[in-house]
Amino acid sequence: MNNNSILEVKVFRPTVAEFDDPSSFMKKIERDPVCQATGLAKIIPPVLRKHTPIIIPDDFRLNSCILQTTKILNETGVTHLLFQKKRAMTLGQFKDLAKNFEHSEMSLAQRETNILQNLCNITKKRTPVPIYAIDNVISRFPENYPNWNLDKFQGGSILTETEMPGINKSFSNYGMFGTFFGMHAEDSNMASINMLHEGAPKTWYGIPATMKIKLEELWKTEIFNETGCDLFIKHKALMYHPKVLRDNGIDFCKVDQFEGEMIVTLYGVLHQGFNHGFNCSEAINWASPEWKKYYDKTTLCSCRPYGKKLHALHELLGKFLENVSLEPSNLVETETSPASHSHCPVVDDKPSRIKPIIKD
Ligand SMILES: [Zn+2]
């Protein structure tokens, strides 16, 4: 057992004046040494800027409903999330289903233990299996919410020219107890902002930039042998039990996100997590000119068709950088370049069967 400890995520409680200037505030987070060290930050908006999320009617159709089962990859202790797309359901049906999973009688810590215990073995034999309703192109910010309506967020971001759902237009996700988002960095190493509008908390784990290569190399051969991809982490379908991280000397940070709180993930930071019960969150990507150096270091998997899509998106995102020039003073050195990813010989990542992208 290693002595590495769980790093604390910095919590920001901005004043109204600070909060009302999102560009300066995001710059502050981006340049904060503690945030750079852990990779995550939490923002608790001032009480005077607390928002009431728009109510979505129960007959709203959730089109991307993902059934999540899991299996342990041999000998590694790493969990492979297996995603199966289910028929669309209404929000009302989703809420009813979520009730079967609720464990509101448990404390936060008990729920975490329970969810992590089950991480090893969620199969259809053990019914029912939780469902994650992802990538809904809706925003729950009121039209008049000033400055931090993520669906229209500027905040000094350079990702604003062309509308791209899930990038600069919000995706909202509905979770239930025991639904996971696998370990991943944002596409092309962008940063992200996630607001938890309502419901049970979401627990996040982040991997500091200094540990990124170590994690990507961990069990590489074993994961390759099982999945056929030598950069399978790009598939967003691996969950690392904190014990696996600890036992392998990988430092990580952890933070619980509650209703009305935002989590920021910085450029290229690997993160994963799960939901403690029914909830709804909304997320976008964000990037200042600093992003350029992280964009340039993006590694991509070469599986087809999955990796091909990633390459296409990477190219598309590059257009946001066309007019960006970095002045030396803007450069903040935090990360060493990851090892280059040569090839990925297997044509289809069979174990996943389908490829929804669950990102929070
Ligand atoms: Zn791949």
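Before any of the text, the structure's been laid out above.
Residues numbered from 1 in each chain as written. Predicted model: local features only at pLDDT ≥ 70, side-chain atom pairs only at ≥ 80, totals over all residues.

Details of the overall build of the chain
(1) Moving on: The secondary structure content of the chain amounts to 10 helices and 17 strands.
(2) Moving on: In the chain, which comprises 360 residues, the proportion classed as buried is 44%.
(3) Moving on: Restricting the contact set of the chain to residue pairs at least 6 apart, pairs at least 24 apart contribute 88%. (Helix = DSSP H or I, 4+ residues; strand = E, 2+ residues; numbered from the N terminus. Buried ≥ 20, exposed ≤ 12 C-beta atoms within 10 Å, placed from the backbone. Contact = placed C-beta atoms within 7 Å.)

Let's talk about the environment of phenylalanine 252
(1) Moving on: Note on placement: phenylalanine 252 falls in strand β14 (residues 252–257).
(2) Moving on: Residues phenylalanine 252 and leucine 270, 18 residues apart in the sequence, show an inter-C-alpha distance of 9.7 Å.
(3) Moving on: Not counting residues up to four positions away in its chain, the partners in contact with phenylalanine 252 are Ile6, Leu7, Tyr205, Gly206, Ile207, Pro242 and Leu245.

Some thoughts on the environment of lysine 254
(1) Moving on: Structurally, lysine 254 is set in strand β14.
(2) Moving on: Between the C-alpha atoms of lysine 254 and glycine 206, which are 48 residues apart in sequence, the distance is 6.3 Å.
(3) Moving on: With near-sequence residues (within four places) excluded, lysine 254 lies in contact with Ile6, Thr203, Trp204 and Tyr205.

As for the pairing of strand β11 (residues 191–199)
(1) Moving on: In terms of burial, β11 is largely enclosed, as seven of its nine residues are buried.
(2) Moving on: With eight bridges joining them, β11 and strand β17 (residues 279–286) adopt antiparallel strand pairing. Across the sheet, methionine 195 pairs through a bridge with glutamate 282, a residue of β17.
(3) Moving on: Bridge count between β11 and strand β15 (residues 262–265): four bridges; the pairing is antiparallel. Its bridge partner being in β15, methionine 195 is matched across the sheet by methionine 262. (Pairing = 2+ DSSP bridges.)

Remarks on the sheet that holds β15
(1) Moving on: Here we have 10 strands laid out as an open sheet, ordered β2-β3-β15-β11-β17-β9-β8-β5-β6-β13, and mixed in their pairing. One side of each edge strand has no neighbouring strand; the edge strands of this open sheet are β2 (10–12) and β13 (238–240). When strand polarity is set aside, the average angle formed by the axes of neighbouring strands in this sheet is 30°.
(2) Moving on: In this structure, strand β6 (residues 78–86) lies alongside β13, joined through three bridges in antiparallel fashion. Bridging across to β13, histidine 80 finds its partner in leucine 238. (Axes fitted to C-alpha atoms, helices over the stretch in contact; angles between N-to-C directions.)

Brief notes about unusual backbone geometry
(1) Moving on: Between arginine 304 and proline 305 the backbone carries a cis peptide bond, its omega angle lying at 5°.
(2) Moving on: Mapping proline 305 onto the fold places it in the loop between α9 (291–295) and α10 (306–318).
(3) Moving on: One non-glycine residue with positive phi stands out, namely aspartate 135, at about 55°.
(4) Moving on: The residue aspartate 135 is located in strand β8 (residues 131–136) in this model.
(5) Moving on: Of note in the backbone geometry, tryptophan 219 takes a positive phi value of approximately 60° without being a glycine.
(6) Moving on: Relative to the assigned elements, tryptophan 219 resides in the loop between α6 (212–217) and α7 (220–227).
(7) Moving on: Accessibility expressed as a C-beta count within 10 Å gives 21 for tryptophan 219, which makes it buried.

Regarding the nonpolar core
(1) Moving on: Core analysis: the largest hydrophobic core is formed by 88 residues, its most contacted members being Leu40, Ala133, Leu238, Val264, Val269 and Trp286.
(2) Moving on: Those residues within four positions of leucine 238 in sequence are excluded, and the remaining contacts are Val78, Thr79, His80, Gly182, Met183, Phe232 and Ile233. (Core = buried A, V, L, I, M, F, W, Y, C linked by C-beta atoms within 7 Å.)

Re the environment of arginine 140
(1) Moving on: As for its position among the elements, arginine 140 is in the loop between β8 and β9 (171–175).
(2) Moving on: Looking at arginine 140, the number of C-beta atoms within 10 Å reads 23, which means it is buried.
(3) Moving on: Arginine 140 sits 86 residues away from isoleucine 54 along the chain, and the two C-alpha atoms are 4.8 Å apart.
(4) Moving on: Setting aside residues no more than four positions away along its own chain, arginine 140 makes contact with Pro53, Ile54, Ile56, Ser172, His197, Cys280 and Glu282.

Description of the sheet that holds strand β10 (residues 180–184)
(1) Moving on: With mixed pairing, the five strands of this open sheet are ordered in space as β1-β14-β12-β16-β10. At either margin of the open sheet sits one strand with a lone partner, and together these are β1 (6–8) and β10. Across the sheet, the mean angle separating the axes of adjacent strands is 25° when strand polarity is ignored.
(2) Moving on: Where β10 lies against strand β16 (residues 270–275), three bridges are found, and the strand directions are antiparallel. When the bridges of β16 are listed, histidine 184 appears paired with histidine 271.

Observations concerning the pairing of β14
(1) Moving on: When β1 meets β14, the two strands line up parallel, connected through three bridges. Bridged to isoleucine 6 within β14 is phenylalanine 252.

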